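Single-letter residue listing:
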Amino acid sequence: MNKVLVIGCGSIGQRHIRALLSIGEKKIAVYRTGKGQSSKLDKGIEDSVVEFNNEEDAFAWNPTHIIISNPTSLHLEYLMKGINTGSNLFVEKPLTSNYSDLEDAPVSLNSIAGYDGVVGFNLRFHSLFKKIKRVISEHGYGDVIYGHLTVGHYLPFWHPYEDYRDSYASRSDMGGGAIRTLSHEIDLAQYLFGRIKRVFAKVEQLGSLEIDVDDVVDIILETDSCKRLSVHMDFLNPVPAREGKILFENGLLEYNYNCGEIY
C-alpha cells in the first residue's frame, strides 16, 4: 500500500492531499514546520492524515512517495533528503530557486539520472496544450514563424487569506519572484517548441507592491522549432491571464487557458 508524505501544507500542499483522498489513497502524512501562512489544515483533511511536526519522525514513517510543496527555497534541500529515502518523488516547480545551488548539491545530478521523480510542471499534461502541441507537430499550417506566451496575476488578489507581502512568492529569501512562481510558461516553451538554443531576458521590479522580488519578466527565446518566441510574466495584471498566440506560415493559433479555448 502507498504511504504518501506531503512536505509543506500551504494551499498547494492541501490541494495535493485532497487529490490523493479523491483517488482513494488511505495512508497520507504531512510534515509541517508551522511557519507558513496556513496555521492549521482545512476541515475534511485534518482527520484524514497523520501530522508530523518533527522532520526525523516524518521520514521515519517510511513513505513510499513524497510530495515536496514547501517554499521554493527549500525544494532542492528536501529533494535530496527524499532521494536518500528511496521514495518516489514529486517536487513542486521550480526545482530550485537558484541554479548555482545545484553545484553544491550533496548528491551529484549524474548519480540520480533515471531516478523516479518528477517536477510539477503539470500544464504540459493539460488537454489544451496537448492539442496545441499536436497542431505544431503535424505541420498542417506550416512552420512556426513566431510565438508569444503570457501569464499575469495581481499578486494581492492571489491568496486572499494571507498578506501577499508575507507569501513565498513575494520574498527573495523564500525563492519568490514572477520568474520562479509563474515558470510554467518556461516549461511550456520547451514542451511546445523544443530545446532552447538562445535566451535574452529582462527580469525587473516595476510595480509598487512593497516586495523585494521581480514582478515583471520578459524573455526572448530561440528554440528548435521557433526562431522568435517571447514569454511574458507579471504580478501586476488586475485580470488573471494565461494566453498566447502562435503564427504559422499559413495560419494563426490563439489560446486562452482560463477559458479553455483555442482559436
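Let me sum up the structure you'll find in this document.

So, how was this worked out
- Residues numbered from 1 in each chain as written.
- Predicted model: local features only at pLDDT ≥ 70, side-chain atom pairs only at ≥ 80, totals over all residues.
- Heavy atoms only, no water.
- Pairing = 2+ DSSP bridges.
- Helix = DSSP H or I, 4+ residues; strand = E, 2+ residues; numbered from the N terminus.
- Contact = heavy atoms within 4.5 Å.
- Axes fitted to C-alpha atoms, helices over the stretch in contact; angles between N-to-C directions.
- Core = buried A, V, L, I, M, F, W, Y, C linked by side-chain atoms within 4.5 Å.
- Buried < 20%, exposed > 50% of the residue type's maximum accessible area, 1.4 Å probe, protein only.
- Expected span 1.5 Å × (residues − 1).
- Arc of directions from axis to C-beta.

Observations regarding the sheet that holds strand β10 (residues 229-234)
- One open sheet accounts for seven strands, arranged β8-β9-β10-β7-β11-β12-β13; its pairing is mixed. The outermost strands of the open sheet, each flanked by one partner alone, are β8 (196-204) and β13 (261-262).
- In terms of strand pairing, strand β12 (residues 251-256) meets β13 through two bridges, oriented antiparallel. Within the sheet, the bridge partner assigned to Tyr-255 lies in β13 and is Ile-262.
- Most of the contacts of helix α4 (residues 127-138) go to β12, to which it runs at about 170°, and overall it touches β7 (144-154), β11 (236-248), β12 and β13.
- Of the strands in this sheet, β7, β8, β9 (216-223), β10 and β11 touch helix α7 (residues 184-193), which is tilted by about 160° from β7.

With respect to the nonpolar core
- Phe-129, Ile-132, Ile-136, Phe-193, Phe-235 and Ile-246 are the most contacted members of the largest nonpolar core, which totals 34 residues.
- Those elements that provide at least two residues to this core are α4, β7, α7, β9, β10, β11 and β12.
- Each residue touching Ile-132, except ones within four places of it in the same chain, is listed here: Leu-192, Ile-246, Leu-253, Tyr-255 and Ile-262.
- In terms of nonpolar packing, the next biggest core, distinct from the first, is built from 19 residues, Ala-29, Tyr-31, Ala-58 and Met-80 among them.

Considering helix α1 (residues 11-22)
- In this model α1 runs 17 Å from its N-terminal to its C-terminal C-alpha over 12 residues, within 8% of the 16 Å that 1.5 Å per residue would give.
- Residues of α1 that are buried: Gly-13, Gln-14, His-16, Ile-17 and Leu-20. Buried residues in α1, looked at end-on, bunch into an arc of 150°, giving them a common side. In α1, those exposed residues whose orientation departs by more than 90 degrees from the buried face are Arg-15 and Ser-22.

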